[in-house]
Amino acid sequence: MTKGIEGKVILITGGSTGIGAETARLLAERGAKVAIAARRKDRLDEVVADIAATGGTARSYALDVTDKSAVQSVVAAIIADFGRLDVLINNAGLMPIRPMAEVNTDEWDQMIDVNLKGTLYGIAAALPGFLEQGSGHIINLSSVAGIKVFAPGGTVYSGTKFAVSAISEGLRQEVGEKVRVTSIEPGAVESDLKFTTSGAAAETVLDFYKQAIPAASVARAIAFAVEQPDDVDVNAIVIRPTAQEF
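Residues numbered from 1 in each chain as written. Predicted model: local features only at pLDDT ≥ 70, side-chain atom pairs only at ≥ 80, totals over all residues. Heavy atoms only, no water.

As annotated in an unreviewed UniProt entry, the protein chain carries the name Oxidoreductase and comes from Novosphingobium resinovorum. Per its UniProt entry, the protein chain bears the Sequence similarities (unreviewed entry) comment "Belongs to the short-chain dehydrogenases/reductases (SDR) family." (UniProt positions renumbered as here; feature names shortened; annotations may be inferred.)

Written as structure tokens, this is what we have:
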């Protein structure tokens, strides 16, 4: 069903590594024009070079998703460069795991800013154009921790991901006649996310991720949602390692 992907202009935040990078490679391989955005421009350029080497089309854009005006500017630049935007994949995220009793409000702020506000800023930048053109697709990366609370240690992270899942469903109900909305809810996936935990919980997180599946597995799930006909909206996909209990 690559014709459901071919020619679409797709923006992926957090596109420098992990799920974002693998999704960019797969969608470009299937004919999409891919825009990848993240803070580390050098890593983005490596992904773009990989895609170009296999005949794909991609561009990189430096972006901090917590900067609302920067998100607006990047979406505007993509539309100027490619002529339109068809799909937004809100993938950027953080997962510092720590008991709430340690009261690390800096980490709470970071998760709210990146996981929640970053997703909302992406929606705010892309949605008006999607509504004007009468089509579009917003894909938000939630988590299994957005359907089941990950505690102890992941309570605030779960809070941000529950919010992403709720926003995805509410957005679907509000704009579903014109814009498709998908929530992707992965379990343990091989990515840099596991390295955002510091302190006593770090070893526990790394041990949990020993069962992780490749990021390419989630990329295929995202491609499945994108490639569906316009009258089919895949609302949510939960994807875990077979061995994962949580």
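Having put the structure on the table, let's press on.
A short note on the overall build of the protein chain
If you tally the helices and strands in the protein chain, you get 7 helices and 7 strands. Going from the N terminus to the C terminus, the protein chain shows its helices and strands as β-α-β-α-β-α-β-α-β-α-β-α-α-β. Over its C-alpha atoms the protein chain spans a radius of gyration of 17 Å, differing by no more than 12% from the 18 Å that the globule rule assigns to 246 residues. The dimensions of the protein chain, computed from C-alpha atoms along their principal axes, are 50 × 40 × 35 Å. Within the protein chain, residue pairs in contact and separated by at least 24 positions form 70% of the contacts whose partners lie at least 6 positions apart. Total accessible area on the protein chain stands at roughly 11000 Å², and carbon and sulfur atoms take up 52% of it. Positive and negative charge centroids in the protein chain, built from 23 and 30 side chains respectively, lie 3 Å apart. (Helix = DSSP H or I, 4+ residues; strand = E, 2+ residues; numbered from the N terminus. Rg over C-alpha atoms; globule rule 2.2 N^0.38 Å. Contact = heavy atoms within 4.5 Å. Areas by Shrake-Rupley, 256 points an atom, 1.4 Å probe, with all protein chains shown as cover. Lys, Arg positive; Asp, Glu negative; His and termini not counted. Charge placed at Lys NZ, Arg CZ, Asp CG, Glu CD.)

Some details on the packing of helix H4 (residues 105–133) against helix H5 (residues 155–175)
The contact between H4 and H5 brings their axes to 9 Å, and the two run at 15°. As far as their axial angle goes, H5 and H4 are roughly parallel. Helix-helix and strand crossings are classified by hand; for H4 and H5 the assignment is right-handed. Residues Trp108, Met111, Ile112, Asn115, Leu116, Thr119, Leu120, Ile123, Leu127 and Leu131 of H4 touch H5, and the partners they reach there are Val156, Tyr157, Thr160, Lys161, Ala163, Val164, Ile167, Leu171 and Val175. The residue makeup of the contact of H4 with H5, split by class, is 15 nonpolar, 3 polar and 1 charged. (Axes fitted to C-alpha atoms, helices over the stretch in contact; angles between N-to-C directions. Parallel < 35°, antiparallel > 145°, perpendicular 65-115°, else oblique. Left-handed = near helix turned anticlockwise from the far one by under 90°. Nonpolar A, V, L, I, M, F, W, Y, C, P; charged D, E, K, R; others polar.)

Some points on the packing of aromatic side chains
Scanning the model with the defined rule gives 2 aromatic pairs in all. One aromatic cluster in this structure is built from Phe150, Phe208 and Phe246. For the cation-ring pair, Arg59 lies above Phe82, with the distance from its terminal atom to the ring centre recorded as 5.6 Å. (Phe/Tyr/Trp six-rings, centres within 6.5 Å; stacked < 30°, edge-to-face > 60°. Lys NZ or Arg CZ within 6 Å of the ring centre and 35° of its normal.)

A closer look at helix H3 (residues 68–82)
The first and last C-alpha atoms of H3 sit 21 Å apart over 15 residues, in line with the 21 Å expected at 1.5 Å per residue. Regarding H3, the residues found buried are Val71, Val74, Val75, Ile78 and Phe82. Looking straight down H3, one finds that the buried residues subtend no more than 95° of arc, so they occupy a single side. Looking at the packing, one finds that the buried side of H3 touches strand E1 (9–13), strand E2 (33–38), strand E3 (57–62) and H4. (Expected span 1.5 Å × (residues − 1). Buried < 20%, exposed > 50% of the residue type's maximum accessible area, 1.4 Å probe, protein only. Arc of directions from axis to C-beta.)

Some points on the pattern of salt bridges
Side-chain pairing between opposite charges can occur once the charged atoms of the two side chains come close. For the structure shown, the criterion picks out 11 salt bridges. The salt bridge partner of Asp81 is Arg59, with a shortest N-O separation of 3.3 Å. With Asp81 in helix H3 and Arg59 in strand E3, this pair connects stretches of sequence that are 22 residues apart. The partly exposed category is assigned to Asp81, whose relative accessible area is 35%. Given a relative accessible area of 40%, Arg59 falls into the partly exposed group. The partner of Arg98 in a salt bridge is Glu102, and the shortest N-O contact between them spans 2.9 Å. Here the salt bridges do not stand alone but share partners, grouping Glu22, Arg25 and Asp50 into one network. (Salt bridge = Lys/Arg side-chain N within 4 Å of Asp/Glu carboxyl O.)

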